[in-house]
Amino acid sequence: MAATKICALDELEVNQAVKVEIDGVAIALVRDAAGDVFAIGDTCTHGDISLSEGFVEGQTLECWAHGSMFSLTTGKPLSLPAYDPVPVYNVELIDGFVFVDPSVTVAV
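Here the structure is a predicted model, which is why all the values come from computation and not from measurement.

*Asks:* Can you walk me through the pattern of salt bridges in this structure?
*Replies:* Two side chains carrying opposite charge are able to pair once their charged atoms lie near each other. One pass over the structure, following the stated rule, counts one salt bridge. Close ionic contact of Asp42 with Lys19 constitutes a salt bridge, the shortest N to O distance being 4.0 Å. Here Asp42 is found in the loop between strand S4 (37-41) and strand S5 (55-57), whereas its partner Lys19 is found in strand S2 (residues 16-22), with 23 residues between them in sequence.

*Asks:* Honestly, the environment of Phe99 in this entry has me stumped. Any pointers?
*Replies:* Tracing the backbone through its elements, the reader meets Phe99 in strand S9 (residues 97-105). Residues Phe99 and Ala8, 91 residues apart in the sequence, show an inter-C-alpha distance of 9.2 Å. In this view, Phe99 contacts Ala3, Thr4, Lys5, Asn90, Val91, Glu92 and Ile94; residues no more than four positions away in its chain are not counted.

*Asks:* I would appreciate a short explanation of the UniProt feature "domain: Rieske" (unreviewed entry) in the protein in the present structure.
*Replies:* Residues annotated by UniProt as "domain: Rieske" (unreviewed entry) correspond here to residues 4-100. The span residues 4-100 carries 0% helix and 45% strand; its end-to-end C-alpha distance comes to 5 Å.

Parameters at a glance
Residues numbered from 1 in each chain as written. Predicted model: local features only at pLDDT ≥ 70, side-chain atom pairs only at ≥ 80, totals over all residues. Heavy atoms only, no water. Salt bridge = Lys/Arg side-chain N within 4 Å of Asp/Glu carboxyl O. Helix = DSSP H or I, 4+ residues; strand = E, 2+ residues; numbered from the N terminus. Contact = heavy atoms within 4.5 Å. UniProt positions renumbered as here; feature names shortened; annotations may be inferred.

Rendered as structure tokens:
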């Protein structure tokens, strides 16, 4: 599968998560304060909760329901109650646009 064009980089608000779905894969897309863009699995591994409804703090995304914080770079939970990581997807910035391929996860 090829990377899918999601949006213009300018459309992503800093320190906000947005849910996108590509071929049935729910992804939380985040632009942090440094301007870096991350794509992680949108479903909290502790419960069936959308992570994109949570809070961005530095390079983490916190689940609003139970407070588990997930690393945007590794997908690993940094706090309980979650203990399983979420997938991290490769993000490409091309000519000011954000592309994500849900079939390619980043090995960390």
